[in-house]
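Coordinate inspection notes
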Amino acid sequence: MEPVRTCVGCRTRAPRSSLLRVVSQNNVLVIDERAVLPGRGAWLHPTQECMDAALRRRAFGRALRVSTQLDTRNFEQHPPRNKG
């Protein structure tokens, strides 16, 4: 049985393999393509809609338990791509 995670954008549950992991490194939002970076991770569907919803709701700060403002510029410039 595969682990299930909740997308921070649309708040639906999905298998871990269909989601991207995002972490905060030095208050910069980074996509963890291989899901191996240390620290707390937030999970997101690899779609523009989920990314926009998560950014609009400021879901990453809550999910990653970061109290400072996250730098999302690199994340916004390079939207998540479908895994494959």
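Model, not experiment: these values are computed from the prediction.

Quick notes on the pattern of salt bridges
For the structure on display, the rule yields two salt bridges. In this structure, Asp32 and Arg21 form a salt bridge, with 2.6 Å as the shortest nitrogen-oxygen distance. Placement of the pair is Asp32 in strand β4 (residues 28-32) and Arg21 in strand β3 (residues 20-25), with a sequence separation of eleven residues. Each member of the pair, Asp32 as well as Arg21, carries the same accessibility label: buried. A salt bridge links Arg73 to Asp71; the nearest nitrogen and oxygen atoms lie 3.0 Å apart.

What to know about unusual backbone geometry
The phi torsion at Asn26 lies on the positive side, around 55 degrees, for a residue other than glycine. Structurally, Asn26 is set in the loop between β3 and β4. Judged by relative accessible area, which is 76%, Asn26 ranks as exposed. Although it is not a glycine, Arg65 adopts a positive phi angle of roughly 55 degrees. Note on placement: Arg65 falls in the loop between α2 (59-63) and α3 (73-77). Note on Arg65: relative accessible area 65%, which makes it exposed.

Rules behind the numbers
- Residues numbered from 1 in each chain as written.
- Predicted model: local features only at pLDDT ≥ 70, side-chain atom pairs only at ≥ 80, totals over all residues.
- Heavy atoms only, no water.
- Salt bridge = Lys/Arg side-chain N within 4 Å of Asp/Glu carboxyl O.
- Helix = DSSP H or I, 4+ residues; strand = E, 2+ residues; numbered from the N terminus.
- Buried < 20%, exposed > 50% of the residue type's maximum accessible area, 1.4 Å probe, protein only.

Purely geometric stuff here, so don't read any function into it on its own.
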